[in-house]
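# Residue-level structural notes
In case you want the letters, here they are:
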Amino acid sequence: MFGTAEMRDVFSDEAMVGRYIEAEVALARAQARMGVVPRDAAAAIATAAKSIQIDFAKLRHETEIVGYPILPLVHQLSEAAGEAGRYVHWGATTQDIMDTANVLQLRAALEIVARDLREIRDILTAMARRYRDTPMAGRTHLQQALPVTFGYKAAIWLSSIDRHIERIDQALPRILLGEFSGAAGTLASVGTNGLEMQKLFCEELGLNQPSITWHVARDGIAEAVTLLGLITGSLGKIATDVMLMSSTEFGEVSEPFVPGRGASSTMPQKRNPISSELMLAAAKAVRQHVAAMLDGMIHDFERATGPWHLEWISLPESFLLTAASLANAKFMLAGLVVHEQRMLDNLGLTHGLIVAEAVMMAAAPKLGRQHAHDVVYAACRKAIEGGGQLADILSDVSEIVAALGGKDAIAHHCDPANYLGLCGPMVDRAIDLSGAASRATG
C-alpha cells in the first residue's frame, strides 16, 4: 500500500550498497585516468566490485559499531581487490561516497516518478478531452457555485501534473551533483589536481560537478523531497475530489470496480474509494518528511552533527510513498467511472439557483449590475424559502422579463449548460500546452 516493488528495489539495502561500490569504482577509475592510481589497480577494483559477495551480516554488525557503513564496506572491497585494495577509497571521506550513492539513487527514483507522471498526464489528457463539454456543478466552500464541466476539472488536474514534470526537469541539474571533497571538503588529501579529479569522478558516474563542496549545503537533496511533497499534494487534491464526488449523496464518479476492493467486513454494499484514500494518506505522510528535510538542512560548520541522518529516514520513505501514490493514481484515474447523468441531476438540485449569476449578468446592461443583483437576489430568496424553479419565479418579475427580452430568454439563461463560461476553450488550451510540453521533452 505504501510503496512499489520497483521503488523498493531502488532503495533496498542491496541496491544502496551497490551504489556505494559503484562510487568507489568510479573514484578509482577517475584517479587512474590522472595517474594517481595505477590503471591495473583500478581495473582490479572494478573486477572485484563485479564479483564480490558482500557479507551483509558482518557489514551490519560493523556499521552498528562505526555508525556508518562505508568503512566496513571498504574493508570488504579492499580485501576482494587483493593488492589493488590499498587504492580503494583514495582521498575520499565517508560522506563523499554516501552522498554520491544517494544521488545515484535519486536519479533512478526520479526517472520512475517522471515516467509515472507522464503516464498520468496521458490519462488526464484523454479524460479532459472526452468530458470537455460534460456539465456538472462547480462547488466553492462545498456549496454549488456555478456550472463547470468535468473536462474542465480534469484539465485543472492535468495542469498541475504538467508543472511537476517541468519542475523535475528543471531540478535535475541542481540535484544530480557528485560529491568528492575529502574530510573537511577541501580536497587537501589529493593535492592541487583535486578539482580535476572531482570532475573526472563525476564524469564516470554521469553526474554534474558541483561548484563547491556540498557536505553541509543540503538544498539539492531537500529540493528532491520537497518536489515529492508537491507531487503527492496534487495527487491528494485529486483524491479528495474523487472521494467527495463518489460519496453516496454526490454519486458523480466511482473508482474502478475490482471484486473485493473497498469492501467492508460487515456492510456488503460498501465500495470504498481505497486508491484515493491511500493517495491522501501518502500526501500527508510525505508532507512530514518535507518538514524533516527542511529541518535537516541546518547543518553545523563543515560536517554536521546529526541532521544528515534525517535524510537516511526521509529520503527512501518519501519516494516509496510517492511511488505508491502515483501507482494508485494511475489505476484509479485510468478506470474512473464517470456518471454523467448524475452530474446533470445534481445541477438541478437547486432548482436553477446555480445560474442566478447568469440571469443577473444578462439583465445588468439594462438594469445596472447592482439593481439586477438585488432583483435576482429577491427571487432567489423566494425560491429558497417557498420552493419552485427560479426560472418560473423570474418569469413573474416584469423587470427581468423586459430586461432579457421575454420569458424564453429567462429559460435560456436558467439552463446550466448555457453558462459554462470558457470551460471548453480552457480545456483545449490546457491540452494543447500539455501536448506541446510533452513533445518538447520527447
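The paragraphs below set out a description of the structure included in this document. These numbers come from a predicted model, not from an experiment. Each chain carries its own residue numbering, running from 1 in the written order of its sequence. Reporting in this predicted model follows two pLDDT cut-offs: at least 70 for local features of residues, and 80 or more for side-chain atom pairs to be given and counted; totals over whole chains, interfaces and linings ignore these cut-offs and use all residues. Each side-chain value is worked out from all heavy atoms of the structure, with water and hydrogens disregarded.

### Overview of the overall build of the protein chain
Stated formally: Secondary structure elements follow DSSP: runs of H or I no shorter than four residues count as helices, runs of E no shorter than two count as strands, and numbering proceeds from the N terminus. The contact rule is simple, with two residues in contact once any of their heavy atoms fall within 4.5 Å. Positive charges are assigned to Lys and Arg, negative charges to Asp and Glu, while His and the chain termini are left out of the count. Throughout, a charge is located at the NZ atom of Lys, the CZ atom of Arg, the CG atom of Asp or the CD atom of Glu.
Helix and strand counts for the protein chain stand at 18 helices and 4 strands. C-alpha extents for the protein chain along the principal axes are approximately 100 × 50 × 40 Å. Taking the intrachain contacts of the protein chain between residues at least 6 apart in sequence as the baseline, contacts between residues at least 24 apart amount to 76%. Charged side chains in the protein chain number 39 positive and 50 negative. The centres of these two groups are separated by 4 Å.

### Examining the packing of aromatic side chains
To keep things clear, this is the line we draw: When the centres of two rings from Phe, Tyr and Trp lie within 6.5 Å, Trp using its six-membered ring, the rings pair. Their planes under 30 degrees apart give stacked, over 60 give edge-to-face, and anything left gives tilted.
One pass over the full model with this rule turns up 8 aromatic pairs. A connected cluster of aromatic rings, assembled from ring pairs, spans Y68, W308 and W312.

### Here we look at the environment of D428
Tracing the backbone through its elements, the reader meets D428 in helix 18 (residues 423-440). Here the alpha-carbon distance between D428 and G151, two residues 277 residues apart in the chain, equals 9.7 Å.

### Quick word on the side chain of Q31
Its place among the elements puts Q31 in helix 2 (residues 13-33). Residue contacts for Q31: discarding those within four places in its chain leaves V36, V37, W90, F180 and M197.

### Considerations on the environment of A137
What counts, and what does not: Throughout, exposure labels follow a simple rule: accessible area from a 1.4 Å probe, protein chains only, divided by the maximum for the residue type, with under 20% read as buried, over 50% as exposed, and the rest as partly exposed.
If you trace the backbone, A137 turns up in strand 1 (residues 135-140). For A137, a relative accessible area of 2% gives the class buried. Along the backbone, A137 and S398 are 261 residues apart, and their C-alpha atoms lie at a distance of 29 Å. Leaving out residues up to four positions away in the same chain, A137 has contacts with Q144, L146, V148, L347 and I354.

### Points about the pairing of strand 1
This is how the line gets drawn: Only strands joined by at least two bridges in the DSSP assignment are considered to pair.
Taken together, the 5 bridges between strand 1 and strand 2 (residues 143-149) define a ladder with antiparallel strand orientation. Counted as the bridge partner of A137 is P147 from strand 2. Here strand 1 folds back onto strand 2 in antiparallel fashion, the turn holding 2 residues, of which H141 has a positive phi close to 55 degrees.

### Here's the deal with the state of the cysteines
Rule in force here: Count a disulfide wherever a pair of cysteine sulfur atoms falls within 2.5 Å.
Applying the stated rule across the entire model yields 0 disulfides. In this structure C414 is not part of a disulfide, and its nearest cysteine sulfur, from C380, lies 8.9 Å away.

### Side note on the packing of helix 4 (residues 56-66) against helix 5 (residues 70-81)
Helix-helix packing: each pair is described by the crossing angle between the helix axes and the interaxial distance. How we decide: Helix axes use the C-alpha atoms of the stretch in contact, all axes being lines fitted to C-alpha atoms, and the angles between their N-to-C directions lie in the range 0 to 180 degrees. Between 65 and 115 degrees an angle is taken as roughly perpendicular, under 35 as roughly parallel, over 145 as roughly antiparallel, and anywhere else as oblique. Residues are grouped as follows: nonpolar covers Ala, Val, Leu, Ile, Met, Phe, Trp, Tyr, Cys and Pro; charged covers Asp, Glu, Lys and Arg; every other residue, Gly included, is treated as polar.
Between helix 4 and helix 5, whose axes approach to 8 Å, the crossing angle comes to 140 degrees. Taken together, helix 4 and helix 5 sit at an angle that is classed as oblique. Between helix 4, through K58, L59, E62, T63 and V66, and helix 5, the contact on the second element is made entirely by L71, P72, L73, H75 and Q76. A per-class count over the contact of helix 4 with helix 5 returns 5 nonpolar, 3 polar and 2 charged.

### Topic: the nonpolar core
Let me state the cut-off plainly: What makes a nonpolar core is a set of buried Ala, Val, Leu, Ile, Met, Phe, Trp, Tyr and Cys residues whose side-chain atoms join them at distances within 4.5 Å.
Ranked by size, the top nonpolar core spans 109 residues in total, and within it M7, F150 and F319 carry the most contacts. Beyond its immediate sequence surroundings of up to four residues, F150 is in contact with M127, Y131, T134, M136, W157, M245, V253, L336, V338 and M343.

### Re the packing of helix 2 against helix 6 (residues 94-130)
Defined as follows: Should the near helix be turned counterclockwise from the far one by less than a right angle, the crossing is left-handed, whereas a clockwise turn marks it as right-handed.
Where helix 2 meets helix 6, the closest approach of the two axes is 8 Å, and the angle between their N-to-C directions is 115 degrees. Two packed elements cross with a definite hand, and for helix 2 against helix 6 that hand is right-handed. Contact with helix 2, carried on its side by M16, R19, Y20, E22, A23 and E24, involves I97, M98, T100, A101, L104, Q105 and A108 of helix 6 and no other residues of that element. Considered class by class, the residues forming the contact of helix 2 with helix 6 number 8 nonpolar, 2 polar and 3 charged.

### Some details on the environment of Y131
Within the secondary structure, Y131 sits in the loop between helix 6 and strand 1. On a C-alpha basis, the gap between Y131 and P72 in space is 59 Å, while along the polypeptide they are 59 residues apart.

### Focus on the pattern of salt bridges
As a reminder of what qualifies: Here, a salt bridge means any side-chain nitrogen of Lys or Arg that lies within 4 Å of a carboxyl oxygen of Asp or Glu.
One pass over the structure, following the stated rule, counts 20 salt bridges. E119 is paired through a salt bridge with K330; the nearest N and O atoms lie 2.9 Å apart. Of the two residues, E119 is situated in helix 6 and K330 in helix 11 (residues 307-334); the sequence distance between them amounts to 211 residues. Overall, E119 belongs to the partly exposed group, its relative accessible area being 33%. The salt bridge involving R121 is made with D162; its shortest N-O contact spans 3.6 Å. Here R121 is found in helix 6, whereas its partner D162 is found in helix 7 (residues 150-175), with 41 residues between them in sequence. As far as the burial class goes, R121 and D162 line up, both buried. Taken together, the salt bridges that share partners define one network made up of E6, R115, D116, E119 and K330.

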